[in-house]
Amino acid sequence: MQEAIDFLTNKNPIFQEIIEKYGMPQIPRRPQGFETLVLLILEQQVSIDSAKATFLKIKAYKDCNPENMAILSDEEFRSLGVSRQKTKYIKILAEAVLSKELDIESLASKSAKEVREELIKLKGIGNWTIDIYLMFCLEEPDLIPLGDIAVVNTMKELFNIHDKQEMENHAEQWIPYRSYATYLLWHHYLKKRNRTITY
């Protein structure tokens, strides 16, 4: 990690300022597997805290495995606070695992590009979900998730860039450590707002 931080602070003094003001960022880690993908589906377009509360309700009700999630009724999902759309996405994921269309364990041995090609086939799993899975579970060092509102807002604030294509171009100077740049951007975003997140 120190190598990545040294590289980024040499590229842009803003990263050094973030560290001086707020300390080192937390590097989020999550276990690989079905449960984390379900949690990421729940986290789409809602706060991490609210998604986690729903996820814990599901786990308290039934083990969160493909067998259970495939047969849980829409009414049961609704009673646990899961929207109709996300219920559909979780069921699609569960069925893909059960039918062996998706082998989650094999993702760890694939390149980021191959993982994206594999997961993007499933309705309800888009680039943001894949980026976060790659970063948090597979420890991919070089991603900038521009589908993430906190990353976009922080880049607007710190670099005065307002166009996503320009953000992508700007982030090219952070290759091969764009994930670490992302952790620093998130760190700034949360600390500035006095927010703490447990990933």
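A brief look at the structure comes next. Just so it is clear, the model here is predicted, and its values are computed rather than measured. (Residues numbered from 1 in each chain as written. Predicted model: local features only at pLDDT ≥ 70, side-chain atom pairs only at ≥ 80, totals over all residues. Heavy atoms only, no water.)

**A short note on the overall build of the protein chain**
The helix and strand tally for the protein chain stands at twelve helices and zero strands. Each helix and strand of the protein chain, ordered N terminal to C terminal, gives the series α-α-α-α-α-α-α-α-α-α-α-α. A compact globule built from 199 residues should have a C-alpha radius of gyration of about 16 Å, and the protein chain, at 18 Å, falls within 12% of that. For the C-alpha atoms alone, the extent of the protein chain along its principal axes is close to 50 × 35 × 30 Å. Across the 199 residues that make up the protein chain, the buried fraction comes to 50%. Sequence separation of at least 24 residues holds for 63% of the intrachain contacts in the protein chain that already meet a minimum separation of 6. Surface exposure of the protein chain reaches about 10,200 Å², of which carbon and sulfur atoms provide 48%. Once the 26 positive and 29 negative side-chain charges of the protein chain are each reduced to a mean point, those two points are 6 Å apart. (Helix = DSSP H or I, 4+ residues; strand = E, 2+ residues; numbered from the N terminus. Rg over C-alpha atoms; globule rule 2.2 N^0.38 Å. Buried < 20%, exposed > 50% of the residue type's maximum accessible area, 1.4 Å probe, protein only. Contact = heavy atoms within 4.5 Å. Areas by Shrake-Rupley, 256 points an atom, 1.4 Å probe, with all protein chains shown as cover. Lys, Arg positive; Asp, Glu negative; His and termini not counted. Charge placed at Lys NZ, Arg CZ, Asp CG, Glu CD.)

**Focus on the layout of surface pockets**
Put simply, the largest pocket is a space of about 510 Å³. Lining the largest pocket are 23 residues, and of these Val 46, Ile 48, Trp 128, Asp 148 and Ile 149 sit closest to its centre. Contributing elements (two or more residues each) for the lining of the largest pocket: helix 9 (127-136), helix 10 (149-159) and helix 12 (178-192). When residues in the lining of the largest pocket are grouped by element, the largest group, five residues, is from helix 9. Each residue belonging to the lining of the largest pocket can be placed in one class, and the counts come to twelve nonpolar, eight polar and three charged. (1 Å grid on protein atoms, 1.4 Å probe; cavity = no way out; pocket = protein on both sides within 12 Å on 5 of 7 lines; lining within 4 Å. Points joined across faces, edges and corners; volume = space filled by probe spheres on them. Nonpolar A, V, L, I, M, F, W, Y, C, P; charged D, E, K, R; others polar.)

**Section: empty space enclosed by the protein**
Under the criterion given, the structure shown has one cavity of 30 Å³ or more. Reported here for the largest cavity is a volume of approximately 40 Å³. Forming the walls of the largest cavity are Glu 101, Leu 102, Glu 118, Lys 121 and Leu 122. Looking at side-chain class alone, the lining of the largest cavity contains two nonpolar, no polar and three charged residues.

**Structural notes on helix 10**
Considered for burial, the residues of helix 10 that qualify are Ala 150, Val 151, Val 152, Thr 154, Met 155 and Phe 159. On its buried side, helix 10 packs onto helix 2 (13-22), helix 11 (164-171) and helix 12. Of the residues one or two after helix 10, Asn 160 is the one with positive phi, at around 55 degrees.

**Let's talk about the packing of helix 1 (residues 2-11) against helix 2**
If you want to describe how two helices pack, look at the angle between their axes and the distance between the axes. Viewed as axis vectors pointing N to C, helix 1 and helix 2 meet at an angle of 120 degrees, and their least axial separation amounts to 5 Å. As summarised for this structure, helix 1 and helix 2 are arranged oblique, according to the angle between their axes. Contacts from Ile 5, Leu 8, Thr 9 and Lys 11 of helix 1 reach helix 2 at Pro 13, Phe 15, Gln 16 and Ile 19. Tallied by class, residues from the contact of helix 1 with helix 2 come to five nonpolar, two polar and one charged. (Axes fitted to C-alpha atoms, helices over the stretch in contact; angles between N-to-C directions. Parallel < 35°, antiparallel > 145°, perpendicular 65-115°, else oblique.)

**Brief notes about helix 1**
Every buried residue of helix 1 is listed here: Ala 4, Ile 5, Leu 8 and Thr 9. Axial view of helix 1: buried residues confined to an arc of 125 degrees, hence all on one face. Among the exposed residues of helix 1, those pointing more than 90 degrees away from its buried face are Glu 3 and Asn 10. Taken together, the buried residues of helix 1 touch helix 2 and helix 12. (Arc of directions from axis to C-beta.)

**Brief notes about the packing of aromatic side chains**
Under the counting rule described, the total for this entry stands at eight aromatic pairs. Measuring from centroid to centroid gives 5.4 Å for Phe 7 and Tyr 177, while their planes differ by 65 degrees, and the two rings are edge-to-face. Residue Phe 7 is located in helix 1, and its partner Tyr 177 is located in the loop between helix 11 and helix 12; the two are separated by 170 residues in the primary sequence. Under the relative-accessibility criterion, Phe 7 is labelled partly exposed at 24%. By relative accessible area, Tyr 177 is classed as buried at 14%. The interplanar angle of 80 degrees and the centroid separation of 6.0 Å between the aromatic rings of Tyr 177 and Tyr 180 together place this pair among those described as edge-to-face. Each residue in the set Phe 7, Phe 136, Tyr 177, Tyr 180, Tyr 183 and Trp 186 is aromatic and connected to the rest through ring pairs, giving one cluster. A cation over a ring is seen here: Lys 62 above Tyr 61, with NZ or CZ 5.3 Å from the ring centre. (Phe/Tyr/Trp six-rings, centres within 6.5 Å; stacked < 30°, edge-to-face > 60°. Lys NZ or Arg CZ within 6 Å of the ring centre and 35° of its normal.)

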